[in-house]
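Reading the structure
Here is what each chain is made of, one letter per residue.
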Amino acid sequence: MTSAGPSGGSVTELASRLYDACLNNFSTDHNFSQQELLSLDIIPKNDLPLLLQCTQSLVDQKLFRLLQKNDRLAWKIIPREDAEKLQNLSPDESLVYNVIHSTGRSGIWVRAIQMRTNLHKSILDRCLKALEGKNYIKSVHNVKFPSRKMYMLAGLAPSEDVTGGAWFTDGVLDENFIGVVSGFIEFTVARKSWFEVPAADKSRTKRLKTADGSAALKKESGSASKEKEYLPYPAGYTGYPTIAALTAAVNQSGITPVRLGEESVTQLLEMLCYDNKLVALNNGEVYKSIKNPEQVKARQARKPETEDPSAADDRLVSNGMTEVPCGHCPVFNLCVPGGAVSPETCEYFETWIHEKGPLSF
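Now for a look at the structure at hand. (Residues numbered from 1 in each chain as written. Predicted model: local features only at pLDDT ≥ 70, side-chain atom pairs only at ≥ 80, totals over all residues. Heavy atoms only, no water.)

Re the pairing of strand 13 (residues 278-281)
One face of the sheet, then the other: side chains in a regular strand alternate in exactly this way. To keep things clear, this is the line we draw: When DSSP finds two or more bridges between two strands, those strands count as paired. Each helix is a run of H or I in the DSSP string that is no shorter than four residues. Each strand is a run of E no shorter than two, and both are numbered from the N terminus.
Inspection of the sheet shows strand 13 paired to strand 14 (residues 286-289) by four bridges, in the antiparallel sense. Each bridged residue has a counterpart across the sheet, and for Val 279 the counterpart in strand 14 is Lys 288. Hairpin connection of strand 13 to strand 14: four residues between the antiparallel strands, including Asn 282 at a positive phi of 55°.

Spelled out as structure tokens, the structure:
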């Protein structure tokens, strides 16, 4: 394809200019239509057959990827470094690479690759092994489907749907990490939800019986009391923490090795609300704690085995339907039959059933 165009040089030269114009005017994620390519004023006289020759040249050079968008042709830029990779691949390897590339950070199941490429299993296995050996792709573990072998591009980080987010470590739910972060959040909210009574204001009187049987008043100083006193803030108080403020506090605390996003912190806030430890105000814009900081600290200091399982002070209601473990599970959306988190392997159901007994309706 080196024939001269009507007024602008060979197809190869026009294709190169068209590629550079696309890079300079659009992002690499943009899908180009014929009209958008013609509007770049690279193709003389908007010659459509010449445009198609140029785009085919770029597709052959692995610089364009041909797509079909709304039953019409479209093209997508391939960066030069990626194009160099594709130029060194066999047709079968290139086909497999393009299928994996199309799934982005979600990855794709090996059986789905076979269905989309229609390659024999032995050929597909050889292509996957070759692509992995060149460090073009990598296998990933999907917490929703742990038994499935998944692949994605080597340079991409898996999405939270694949890894399970911050609450999973190597595909396993990290309960200790969840407990540490949720405890920090509850204590932080408690400090913003209760007013500590100054020591000077803690003085109070105590009624005493004297030797002659009459009553006398003794003034007690609050400073002698070891327990701090707290009062709730009045209506209209605007200092309750927001999700953004709590996310920043968690990330600045040093208790988490990874930076958490607001979505992850929101999951813990919802769990704490279901546990009747926090209350969401203003449709979830801010949060208030049920207990004051001293009470929160005292409860967190107790070992779980020493707590009375029959205590109901932290329960929302005594209704089994609202206390079922699913109701306050922070990874409820990841729970699927056969997955790393699944109903049949949930360790909390048996404990809950023994504690609550049969449900009555």
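Continuing now.
Structural notes on the environment of Val 11
For clarity, the cut-off: The classification of residues rests on relative accessible area computed with a 1.4 Å probe and restricted to protein chains. Under 20% of the type maximum is buried, over 50% is exposed, and intermediate values are partly exposed.
Mapped onto the elements, Val 11 comes out in helix 1 (residues 11-25). Owing to a relative accessible area of 1%, Val 11 belongs among the buried residues under this scheme. The spatial distance from the C-alpha of Val 11 to the C-alpha of Cys 54 is 5.7 Å, given a sequence separation of 43 residues.

Some remarks on the nonpolar core
Where we set the bar: Note on terminology: a nonpolar core comprises buried Ala, Val, Leu, Ile, Met, Phe, Trp, Tyr and Cys residues joined through side-chain atoms within 4.5 Å.
One finds Leu 37, Phe 64, Val 96, Ile 100, Ile 113 and Ile 137 to be the most contacted residues of the largest nonpolar core, which totals 41 residues. When contributions to this core are tallied by element, the ones reaching two or more residues are helix 1, helix 2 (34-38), helix 3 (48-60), strand 3 (72-77), helix 4 (80-87), helix 5 (91-102), helix 7 (121-133) and strand 6 (150-153). In terms of nonpolar packing, the next biggest core, distinct from the first, is built from 17 residues, Val 189, Leu 268, Leu 269 and Met 271 among them.

A word on the sheet that holds strand 5 (residues 137-140)
Selection criterion: Whether two residues are in contact is decided by their heavy atoms, any of which lying within 4.5 Å being enough. Angles run from 0 to 180 degrees between N-to-C directions of axes, and those axes are lines fitted to C-alpha atoms, restricted for helices to the stretch in contact.
The strand order 4-6-5 describes an open sheet built from three strands, whose pairing is antiparallel. Only two strands of the sheet have a single partner each, and these edge strands are strand 4 (108-109) and strand 5. Where strand 5 lies against strand 6, four bridges are found, and the strand directions are antiparallel. Directly across from Val 140, in strand 6, lies its bridge partner Met 150. Those strands touched by helix 5 are strand 4, strand 5 and strand 6, and its axis lies near 90° from that of strand 6.

A short note on the pattern of salt bridges
As a reminder, the rule being used: Throughout this description, the term salt bridge denotes a Lys or Arg side-chain nitrogen within 4 Å of a carboxyl oxygen of Asp or Glu.
For the coordinates displayed, the defined rule picks out five salt bridges. A salt bridge links Lys 121 to Asp 125; its shortest N-O distance comes to 2.9 Å. One end of the pair is Lys 121 and the other is Asp 125, both in helix 7 and four residues apart, which spans about a single turn. We classify Lys 121 as partly exposed; its relative accessible area is 49%. Taking relative accessible area as the criterion, Asp 125 reaches 33% and is therefore assigned partly exposed. For the salt bridge of Glu 186 with Arg 299, the shortest nitrogen-to-oxygen distance reads 2.2 Å. On the criterion of sequence distance, the pair formed by Glu 186 in helix 9 (residues 175-193) and Arg 299 in helix 12 (residues 293-301) is long-range, its members being 113 residues apart.

Examining the environment of Gly 107
Within the fold, Gly 107 resides in the loop between helix 5 and strand 4. Expressed as a C-alpha distance, the spacing of Gly 107 and Pro 158, which sit 51 residues apart in the sequence, is 7.5 Å. Once you skip the residues sitting within four places of it in the chain, Gly 107 turns out to touch Met 150, Tyr 151 and Met 152.

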